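One letter stands for each residue in the lines below.
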Amino acid sequence: MKTACIILAAGLGKRMGSPLPKVLHRMCGTTMLESVLSPVRKLRPDRTIIVAGRHIEAIKETLGNEGLSYVLQKEAKGTGHAVLCARRALGDFQGTAVVLNGDSPLVEHETIKKFLRLHRRDRNALSVISFIAKDPKDYGRIIRDGSGGISAIIEEKDADPLQKKICEVNSGVYALNGEALLLLDAIRMNRVKGEYYLTDIVTEAAKQGLKASAYCIGTEEEFMGVNTSEELARASLLMRRRISKKWSEKGVTFLDADSVFIHAGVSIGRDSVIYPNVHLEGHAKIGRGTTIFPNVRIVNSQIGSGVVIKDSSLIEDSKVKDMASVGPFAHLRPGSEVGAGARVGNFVELKKAVIGGESKASHLSYLGDTVIGRGVNIGAGTITCNYDGVKKHRTVLGDGVFVGSDTQFVAPVKVGRGAYIGAGSTITEDVPAGALALSRTRQKNIRGWADRRRKVTGSKRKKA
Ligand code: UD1
Ligand code: CA
């Protein structure tokens, strides 16, 4: 039996109070629409159709074209009209159409699969997933017919006081066979809202004696619809909890999971420990037994095993190899690599800097466009002057180089293996392997100078 999925994403989303199309609002690093699409892709449907409105180009740009077709619903005339637009695109498709709302981002693959099995087992023309809502006012009420089927779905605005008391509501996930899809033609415009309601096909099915069922599977949290920014925040929290639970079950320890933000595309190895207020974004990959202390943000980076990322560090598009240590207060800008067992400490900024294994840059440095060998010691306050106002230049330090504190490397410059750089040097020329480079002037002490000056200015020596 063939399956086509139809995702409704053409609504105006007025209640969000934002110019961004509702379904493109983000949660845990992905748009709501991508969150709906992800379980749909796992179903491997024969067709996936996105119904979009005037924001269709922005939606196409976000989702791409792979395995998707788009249908324009020029005016948001309601969910019934949206599915009608998709039906035209289905042509002579024979099978089950699964309809999902683009604003229900927490629906899971397993639930849709189970629902489709029930729909097919019971040979329904039309099925819908229902759930029990604590506060049902944002959802259509399921009206049961007393013989196991359903006879209508009534929206809040059309419900009478008795119907308003019903807590079993419509999730917005439907399975429709060919006959049910034909019922769309019979839907009349709802007078209260001036829209064609998809929910009205249930009434039409009852009129024509077609079999319609509601399956109360899953939780309210899974089916919550996002209509306001407050609901978006709540859905984001629920998704965050779902993600951290998944990693907890795989052996990751969170000191305070609710304060941690992990994007859906992130992976974390077991025995890693995540402190509060950590953000792991994009495709960040964390190895095993790694500790990430508070206030760290890691974006699209690969962190090895046994690594320690200390407090308040930012790592973007970089690599940190096994057993290395970064931070506190370190900034790894894109293209950086910290070798195995290396240390990058307090207030150190790297940009396109590759640091060899076991090397150390422990304090207050800027290392940009730099290749540093193994076992190198970078003294406090070392700076690469990589930019001459027009171009960027490289600094290359061989294995085992010792750089004294407060050194400046005026790039391009190379330092051979095992060389020493005296503290406070400004290095403008290459240094041969094994040499000592000194560029500061020799110190001179002028005895009695300070006392002579005080006599001239008449000031007194301060008591120590
Ligand atoms: C809808 C259902 C309600 C259900 C709830 C579940 C109807 C009439 N009501 O209500 O029974 O409990 O979802 O969350 O169907 N859309 C279009 N084109 C349109 C209008 C809407 O594509 O012309 C899309 C929206 O982008 C959205 C989805 O359809 O993704 C649902 O629309 P929305 O207006 O949010 O419906 P609800 O009032 O939440
Ligand atoms: Ca909605």
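Scroll up for the structure.
Note that the coordinates shown come from a computational prediction; the quantities given were computed from them, not determined experimentally. (Residues numbered from 1 in each chain as written. Chains lettered and ligands numbered in written order. Predicted model: local features only at pLDDT ≥ 70, side-chain atom pairs only at ≥ 80, totals over all residues. Heavy atoms only, no water.)

Visitor: Before we move on, can you summarise the coordination of the calcium ion (ligand 2) with the specific residues and values?
Guide: Every protein donor of the calcium ion (ligand 2) is accounted for by Asp103 (OD) and Asn227 (OD1), and the metal-donor separations fall at 2.3 to 2.5 Å. Remark: Asn227 occurs in the loop between helix 8 (220-223) and helix 9 (229-249) and Asp103 occurs in the loop between strand 6 (96-101) and helix 4 (109-121); sequence separation between them is 124 residues. Here Asp103 and Asn227 have matching classes, each one buried. (Donors = N, O, S within 2.8 Å, 3.2 Å for Na, K, Ca; no water. Helix = DSSP H or I, 4+ residues; strand = E, 2+ residues; numbered from the N terminus. Buried < 20%, exposed > 50% of the residue type's maximum accessible area, 1.4 Å probe, protein only.)

Visitor: Explain the site of ligand 1 to me, and be specific about the residues and the numbers.
Guide: Neighbouring ligand 1 are 23 residues; Gln73, Gly78, Thr79, Glu155 and Asn170 lie closest to it. A distance of 2.7 Å separates an oxygen atom of ligand 1 from a polar side-chain atom of Thr79. Contact between ligand 1 and Gly140: an oxygen atom at 3.0 Å from a main-chain N or O atom of the residue. Summarising the interface, the protein chains cover 93% of the accessible area of ligand 1, which totals 760 Å² for the free molecule. When residues of the shell around ligand 1 are traced back to their parent elements, those giving at least two are strand 1 (3-9), helix 3 (79-90) and strand 10 (168-176). In terms of residue class, the shell around ligand 1 is made up of seven nonpolar, eleven polar and five charged. (Near = heavy atom within 4 Å. Polar contact = N/O pair within 3.5 Å; in protein donor to acceptor, adjacent residues only side chain to side chain. Areas by Shrake-Rupley, 256 points an atom, 1.4 Å probe, with all protein chains shown as cover. Nonpolar A, V, L, I, M, F, W, Y, C, P; charged D, E, K, R; others polar.)

Visitor: So what's going on with the packing of aromatic side chains? Residues and values would help.
Guide: Scanning the model with the defined rule gives six aromatic pairs in all. Ring geometry for Phe131 versus Phe223: centroids 5.7 Å apart, planes at 20°, classification stacked. On the criterion of sequence distance, the pair formed by Phe131 in strand 7 (residues 126-132) and Phe223 in helix 8 is long-range, its members being 92 residues apart. Taken as a pair, Phe131 and Phe223 share a single burial class, namely buried. Members of the aromatic cluster, each reached through a chain of ring pairs, are Phe131, Tyr139 and Phe223. We note Arg240 situated over the ring of Phe261; from NZ or CZ to the ring centre the distance is 3.9 Å. Its guanidinium or amino end placed over the ring of Tyr387, Lys392 lies 5.3 Å from that ring's centre, counting from NZ or CZ. (Phe/Tyr/Trp six-rings, centres within 6.5 Å; stacked < 30°, edge-to-face > 60°. Lys NZ or Arg CZ within 6 Å of the ring centre and 35° of its normal.)

Visitor: So what about the nonpolar core? Which residues, and what values?
Guide: Core analysis: the largest hydrophobic core is formed by 93 residues, its most contacted members being Ile50, Leu280 and Ile298. Of the residues forming this core, the biggest block, six residues, is contributed by helix 9. Not counting residues within four places of it along the chain, the set of residues in contact with Ile50 comprises Ile7, Ala9, Leu33, Leu37, Ile59, Leu63, Leu68, Ser69, Tyr70 and Val71. Membership of the second largest hydrophobic core comes to 36 residues, among which are Ala82, Val128, Ala180 and Leu183. (Core = buried A, V, L, I, M, F, W, Y, C linked by side-chain atoms within 4.5 Å. Contact = heavy atoms within 4.5 Å.)

Visitor: Any chance you could break down helix 7 (residues 200-207) for me, citing the residues and the numbers?
Guide: Since there are 3.6 residues in each turn of an α-helix, residues three or four apart along the chain are aligned in direction. All of the buried residues in helix 7 are Asp200, Ile201, Val202, Glu204 and Ala205. At the C-terminal side of helix 7, Gly209 shows a positive phi close to 70°.

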